[in-house]
Amino acid sequence: HFPVLSVAAVGSVVYSLGVDGSVRGWPLTAPEDMHSVAFQEALRASIRRHQLRVLAGTWNVNVTRPATSSLREWLGPRSSSADIVAVGLQEVEMGTGSVAWDAAMNLVNKAVLEKGNQNAQWWAAEVNAVLGDAFVKVALRQMSGVLIVVYCRRELAAHVGEVSTTHVACGVMGVGGNKGGVAVSMSVFRRRVILISSHFAAHQEKVDERNADYLKIARNLRFSNTSTVGQGPPQQQQQQVVGQAAAHMAGYEESGASGRHSWGVPPASSPDLTALAPGAEEAGPPPSVYHHSSTGNLSGTATPPNMELADTPLSSAGPGLRDAELLVWMGDFNYRINMFYDNVVECVAHRELATLIARDQLRQEMSRGTVFHTLNEAPITFPPTYKFDKGVPGLGDTWRLPYDSSEKRRVPAWTDRILYRGSLPHIGHEGQDAQRGED
């Protein structure tokens, strides 16, 4: 099911125009039952179901470089069962110099942002060394200290295409690259996959600023291969759809085309996967942080849900995110726990996670429908990942952790998160809601 703007008959074919700009065609007259059954049997025999496992990891590295052994402990065991690996990093570098470099490259040479500077290339090479020859790098995108690198299994590479990267800055004066999001879009078996790494506004009380960072990224994330349909309010979006469809129809009629027609959608391209970064120098000591990774599956088929565009939570997202059939959004979102420092430390020591989760700012904002519409999060079964005294061991019990003992005594929190959405809801061939491909 998908929202329809209009229906028209052209010759022996009926075409419908969807709100999202898609055009679908059916025979004007229904086929005979025997032909329909034969077609379904032939189609069923030719379809192969793929189920892909995605490993996503996010880490605020605080301008440090870990030992290879730390990366191997973090990613190595989990990557053995993964088809796609996405690593999101924050604070790869910091300072006004980094922000200025990013702004300059964004103006004069955006291609450099897909190659990354020396710091980004070091991380890409180190992660690739941990993953081994079984994986190849699909894409990289850097925005100052925010980085995302995506890999896929070598045998999957032939089915990965339409790779595009982009970023949205939310930092200094609203445009600095020290905060914001970097993203990779690609097709896997002709299904759109989007992976995002973000860094939101810091400090306990800055909930509104974090929400604003989310909204800015969700609305402004656009890739070079993203349709321009769907930008602006719903009424304007419908006008864009009608205008573009009219242009496509005019071109169709002028050419006198028959058979298959792209309706203005460019042919799929499969650019070569980017070359691996050069070898890395010797790594320093690992930072004292915990890591969070989760997995998701991509399976089945999908069509947009049957709801009016203005009424769906996705209407707050730009066309870049609405195109995603698998979306993984990770990063240092900086949402905190609304409790005092000592209370949080005691709850952690007694493993009272439910009490902390109930006061978690991100969960509260998601329940209000403010941020991360339609996304899910795996159960939280580990202690807060922020903020530790560097180089200080735990107190014997693994849940009595060396949280910030400085004068600031920052309240421990789950600032590093991974959210995801699998295939969009769709109707199976038997007319019932198909199961979501999510883990």
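One numbering rule holds for all chains: residues counted from 1, following each sequence as written. With the structure being a predicted model, the display of local features is reserved for residues of pLDDT at least 70 and the display and counting of side-chain atom pairs for 80 or more, all residues being used for whole-chain, interface and lining totals. Calculated side-chain values reflect all of the structure's heavy atoms, with hydrogen atoms and water omitted.

A. Looking closely at the packing of helix α2 (residues 68-79) against helix α5 (residues 118-131). What counts as an axis is a line fitted to C-alpha atoms, over the stretch in contact for a helix, and the angles between N-to-C directions run from 0 to 180 degrees. Only DSSP runs of H or I with at least four residues qualify as helices, and only runs of E with at least two residues qualify as strands; both kinds are numbered from the N terminus onward. Across the interface, α2 lies against α5 with an axial gap of 9 Å and an inter-helix angle of 50 degrees. Relative to α5, the element α2 is oriented oblique. Handedness of the crossing formed by α2 with α5: right-handed. Across the interface between the two elements, Thr68, Leu71, Arg72, Leu75, Gly76 and Ser79 of α2 pack against Trp123, Glu126, Val127, Val130 and Leu131 of α5. Gly falls in the polar group here, along with every residue not listed as nonpolar (Ala, Val, Leu, Ile, Met, Phe, Trp, Tyr, Cys, Pro) or charged (Asp, Glu, Lys, Arg). Each residue belonging to the contact of α2 with α5 can be placed in one class, and the counts come to six nonpolar, three polar and two charged. An angle below 35 degrees is treated as roughly parallel, one above 145 as roughly antiparallel, one from 65 to 115 as roughly perpendicular, and anything else as oblique. What makes a crossing left-handed is the near helix being turned counterclockwise from the far one by less than a right angle; a clockwise turn instead makes it right-handed. Residue contacts follow a heavy-atom distance rule, with two residues in contact if any of their heavy atoms lie within 4.5 Å.

B. Representation of the nonpolar core within the structure. Residue types Ala, Val, Leu, Ile, Met, Phe, Trp, Tyr and Cys, when buried and joined through side-chain atoms within 4.5 Å, form a set referred to as a nonpolar core. With a 1.4 Å probe rolled over the protein chains alone, any residue whose accessible area is under 20% of its type maximum counts as buried; one over 50% counts as exposed, and the rest are partly exposed. Among the nonpolar cores identified, the biggest contains 28 residues, and Ile84, Val150, Cys152, Met186, Val188 and Leu195 are the most heavily contacted of them. Each residue touching Val150, except ones within four places of it in the same chain, is listed here: Ile84, Val85, Ala86, Val136, Lys137, Val138, Ala139, Val184, Met186 and Leu195.

C. Structural detail: the environment of Ile337. Residue placement: Ile337 occurs in the loop between β12 (326-332) and α9 (341-349). A relative accessible area of 0% means that Ile337 is categorised as buried. As a C-alpha pair, Ile337 and Leu356 span 19 residues in sequence and 6.7 Å in three-dimensional space. Residue contacts for Ile337: discarding those within four places in its chain leaves Gln204, Val344, Leu356, Arg359, Asp360, Pro384, Val411, Pro412, Ala413 and Trp414.

D. Examining the sheet that holds strand β14 (residues 416-421) more closely. Strands were regarded as paired on the criterion that DSSP finds at least two bridges between them. Strand order in the open sheet formed by six strands is β8-β9-β10-β12-β14-β13, and the pairing between neighbours is mixed. Edge positions in the open sheet fall to β8 (160-169) and β13 (376-377), since each of these has one partner strand only. Looking at chain direction, strand β9 (residues 180-188) and strand β10 (residues 191-199) are connected through nine bridges and run antiparallel. Opposite Val184, over in β10, you have Leu195 as the bridge partner.

E. Fine view of the packing of aromatic side chains. Here the aromatic set is Phe, Tyr and Trp, taking the six-membered ring for Trp, and pairing holds for ring centres within 6.5 Å; pairs whose planes are under 30 degrees apart are stacked, those over 60 apart are edge-to-face, and all others are tilted. For the coordinates displayed, the defined rule picks out 10 aromatic pairs. An angle of 75 degrees between the planes, with centres 6.2 Å apart, marks the rings of Trp59 and Trp123 as edge-to-face. On the criterion of sequence distance, the pair formed by Trp59 in strand β4 (residues 52-60) and Trp123 in helix α5 is long-range, its members being 64 residues apart. Trp123 carries the same exposure label as Trp59, and that label is buried. Ring geometry for Trp122 versus Trp123: centroids 5.1 Å apart, planes at 85 degrees, classification edge-to-face. The exposure class of Trp122 is buried, given its relative accessible area of 4%. Exposure remark for Trp123: the relative accessible area of 2% places this residue in the buried category. A positively charged side chain is recorded as over a ring if its NZ (Lys) or CZ (Arg) lies within 6 Å of the ring centre. The angle to the ring normal must also be within 35 degrees. Just above the ring of Tyr335 sits the side chain of Arg210; from NZ or CZ to the centre is 5.4 Å.

F. Quick look at the sheet that holds strand β2 (residues 13-18). Taken in spatial order, the three strands line up as β1-β2-β3 in an open sheet, and their pairing is antiparallel. In this open sheet, the two edge strands, each paired with only one partner strand, are β1 (4-10) and β3 (23-27). Between one strand axis and the next, the sheet turns by 20 degrees as a mean value, whatever way the strands run. In terms of strand pairing, β1 meets β2 through six bridges, oriented antiparallel. When the bridges of β2 are listed, Ser6 appears paired with Leu17.

G. Examining the pattern of salt bridges more closely. Just to be clear on terms, a salt bridge is a Lys or Arg side-chain nitrogen sitting within 4 Å of an Asp or Glu carboxyl oxygen. By the definition in use, this model includes 10 salt bridges. A salt bridge links Glu114 to Arg141, with the shortest nitrogen-to-oxygen separation between them at 3.8 Å. You can see Glu114 sitting in helix α4 (residues 111-115) and its partner Arg141 sitting in strand β6 (residues 135-143), a full 27 residues away along the chain. Residue Arg141 is classed as buried on the basis of its relative accessible area, which comes to 5%. Within this structure, Asp360, Arg363, Glu377 and Arg417 form a network of salt bridges that share partners.

H. Quick look at the environment of Met330. Locating Met330 in the fold gives a position in strand β12. By relative accessible area, Met330 is classed as buried at 0%. Apart from the residues lying within four places of it in its own chain, the contact partners of Met330 are Ala56, Gly57, Thr58, Ala86, Val87, Gly88, Ile148, Ile196, Ser197, Ser198, Arg417 and Ile418.

I. Quick look at the environment of Thr58. Examined against the element boundaries, Thr58 turns out to sit in strand β4. Here Thr58 falls in the buried class, since its relative accessible area comes to 1%. Through-space distance from the C-alpha of Thr58 to that of Leu147 is 9.9 Å; in sequence the pair is 89 residues apart. Polar side-chain contacts of Thr58 include one of 3.4 Å to the backbone nitrogen of Gly331. Polar contact criterion, stated in full: a pair of N or O atoms within 3.5 Å, where within protein one must be able to donate a hydrogen and the other to accept it, and residues adjacent in sequence count only if both atoms are side-chain atoms.

J. Region of the structure containing the pairing of β9. Extensive coverage of β9 is indicated by the burial of nine of its nine residues. Here β9 shows two buried faces, one formed by Gly180, Val182, Val184, Met186 and Val188 and the other by Gly181, Ala183, Ser185 and Ser187. Two strands pair when backbone bridges link them, and β8 and β9 are joined in this way by eight bridges, in the antiparallel orientation. Note on β9: the bridge partner recorded for Ser164 is Ser185. Turn length for the β9-β10 hairpin, with the two strands adjacent in sequence and antiparallel, is two residues, and the turn residue Phe189 shows positive phi of about 50 degrees.

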